[in-house]
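# Chains, contacts and geometry: an overview
Spelled out, the chains give:
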Amino acid sequence: MEKMQYGLCCLSHVPMRRTVSDASEMLTELLFGDLVTVVDSYRQWVKVENRMDGYEGWVDSKQLMPLSKEEFDEHAADTSRFFTSDFLCALECQQEGSLLRVGMGCRLPFYRPDSRTFRMGQRLFVCHGEVMRSPESFVMGMDAMMERAVTLLKTPYLWGGKTNFALDCSGLTQCLFRMYGVDLPRDASQQACVGDSVALIDEARKGDLLFFDDGEGRIIHVGIYMGSGRIIHASGCVRIDPVDHQGIFRAESGVYSHHLRLIKRLA
C-alpha cells in the first residue's frame, strides 16, 4: 500500500499530537478542509505540516483524506476564501449520502455560491449552512470580526483547541483573523512576530493584537483589543477584561493576571 504524502482534513476537527499516541498531548487541531503535507510516518500515524501555518504534529492517518500530488497542487492553488460561519454547519457528501457537521471557520475549497457546492479531492459536498467569504481587506472586515468575536464569549479554554467549541488564546486569534483575511501563525509567540509595533496602549486601535509575557520575558498569551480599554481573550473561557499599560486586570480577583509586553497592528 502506497504511503500517504498529501492529505486533507476530512472531519470537523482532528487533534495534532506531540507523539504517536492517542494519549499524547494535543498541540493543535486541524479543521475540516485544512491541507497537509506528510513529513514522517509510523505505523498508522503520520506527522503532517499544516500548509496554512506550517505547524507540525502527529495525526492518525484514518482521519485524513489522501490526495495525489496533482490534487494537492490544485487545492494549494485555490485562492477562494469561503468559510463556514454557522456555529454548526451540515455538509452533505454527494457520493456517500452522508452528513458531517462542522463548526465555524472551516474553509470550503472550490466553493460555488450558486449551487452551494464544493470539492475535496474527488468528493463533492453540498453545504447546508451559512457561508461567508473573506472581505477584500482586513480593515473592511474589522467591525464584523469584532462582532463575531463577541459571539464566542464563554467558549471554554482548551490547550491546542481552535474551534468554536473549545480553544486556546492563539487559537481564538488565528481562527478569527483567518476568516477575515489574515493567516496568522499558530502560537502567540509566533503571532507576536507579525505586523507593525504600536508603542503605547493609548495608541492601540480596535483589532490590534496585545501580547503578554511571563516572568522570564516569554510571550505566553494574546488577545484582541476592543477599544475603550478592553480586551477579548481566551483565559479559562473567552472573556472581556479591562486592559491598560500594565496588562489585563481581573476585576473579580482585583489583580493583574497578565503582563502587557507588546502591541501589534495587522492593518
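Everything below is about the structure printed above this text.
Presented here is an overview of the structure given in this document. (Residues numbered from 1 in each chain as written. Predicted model: local features only at pLDDT ≥ 70, side-chain atom pairs only at ≥ 80, totals over all residues. Heavy atoms only, no water.)

### Quick notes on the pattern of salt bridges
Spelled out, the test is: A side-chain nitrogen of Lys or Arg and a carboxyl oxygen of Asp or Glu constitute a salt bridge if their distance falls within 4 Å. Under the DSSP-based scheme used, a helix requires at least four consecutive residues in state H or I and a strand at least two consecutive residues in state E, with every element numbered from the N terminus. Throughout, exposure labels follow a simple rule: accessible area from a 1.4 Å probe, protein chains only, divided by the maximum for the residue type, with under 20% read as buried, over 50% as exposed, and the rest as partly exposed.
Scanning the model with the defined rule gives 19 salt bridges in all. Among the salt bridges present, the one from R186 reaches D168, with a minimum N-O distance of 3.1 Å. Placement of R186 in the loop between α3 (169-179) and α4 (188-191) and of D168 in the loop between α2 (142-151) and α3 is noted, with a sequence separation of 18 residues between them. What makes R186 buried here is its relative accessible area of 0%. Residue E252 is joined to R239 by a salt bridge in which the shortest nitrogen-to-oxygen separation is 2.9 Å.

### Digging into the pairing of strand β4 (residues 35-42)
Threshold: In this scheme, strands are said to pair when DSSP sees at least two bridges between them.
As defined by bridge partners, strand β1 (residues 6-9) adjoins β4 across three bridges and the pair is classed as antiparallel. Bridge pairing links G7 to V36 in β4. Sheet topology note: the β4/strand β5 (residues 45-50) ladder contains six bridges and is antiparallel. Directly across from S41, in β5, lies its bridge partner V46. Between β4 and β5, which pair antiparallel in sequence order, lie two residues; one of them, R43, sits at a positive phi of approximately 55°.

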